[in-house]
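As a plain string of letters, each chain reads:
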Amino acid sequence: MVQGSFKRQVEVGRIVLLNDSKKLAVIVDIVDHKRALIEGPTTGVARQAVSYQNLTLTNLVVKGLPRNAGQSTLKKFLEKSDVLSAWEKSAWAQKLQQRQVRAGLSDFDRFKLNKLKNQRRFLVGSAVAQAKKQAA
């Protein structure tokens, strides 16, 4: 397959992230040039046709997934390829998780976080100043 500057192709088995719910799904079939049939049996996404503008393609692909595979087949391929654990280890997933944690913080938690950041900034700044002083 010839691949140009695009690194993520729309293909059967591609893991996608839904833009509105931030859930993972797999492209099961390509409907047309604007829509794909997706399903996420382990993430709670029902089988549905979704527009590409509502999806974000990830780097992960379930290899060997047949077109229009059923839910049980899809689950078997997902477990065998172990892409969900690879997703959990990715920086992208960890960033989304961190955003979710930060959004759930209370006002007092945000205050404590700010104080800890100030302490860290003071320690790092004083260490850098001391290192500069020794170097000069």
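Shown above is the structure to which this text applies.
Figured I'd write up the structure that's included with this text. (Residues numbered from 1 in each chain as written. Predicted model: local features only at pLDDT ≥ 70, side-chain atom pairs only at ≥ 80, totals over all residues. Heavy atoms only, no water.)

## A few points about the packing of aromatic side chains
Evaluation of the coordinates by the stated rule reveals 2 aromatic pairs. Look at Phe-108 and Phe-111: their rings are 6.3 Å apart centre to centre, the planes differ by 20°, and that puts the pair in the stacked class. Linking Phe-108 with Phe-111, this pair stays in helix α4 (residues 107-135), spanning 3 residues, or about one helical turn. (Phe/Tyr/Trp six-rings, centres within 6.5 Å; stacked < 30°, edge-to-face > 60°. Helix = DSSP H or I, 4+ residues; strand = E, 2+ residues; numbered from the N terminus.)

## Section: the nonpolar core
Judged by nonpolar contacts, the single largest core of 17 residues is most densely connected at Ile-15, Val-26, Val-62, Leu-65, Leu-74, Leu-78 and Trp-87. Put simply, the parts of the chain that give this core at least two residues each are β1 (14-18), β2 (24-30), α1 (71-81), α2 (83-89) and α3 (91-103). Dropping the residues within four chain positions of it, Leu-78 is found in contact with Ile-15, Val-26, Pro-41, Thr-42, Val-62 and Val-83. In terms of nonpolar packing, the next biggest core, distinct from the first, is built from 10 residues, Val-16, Ile-38, Val-45 and Leu-55 among them. (Core = buried A, V, L, I, M, F, W, Y, C linked by side-chain atoms within 4.5 Å. Buried < 20%, exposed > 50% of the residue type's maximum accessible area, 1.4 Å probe, protein only. Contact = heavy atoms within 4.5 Å.)

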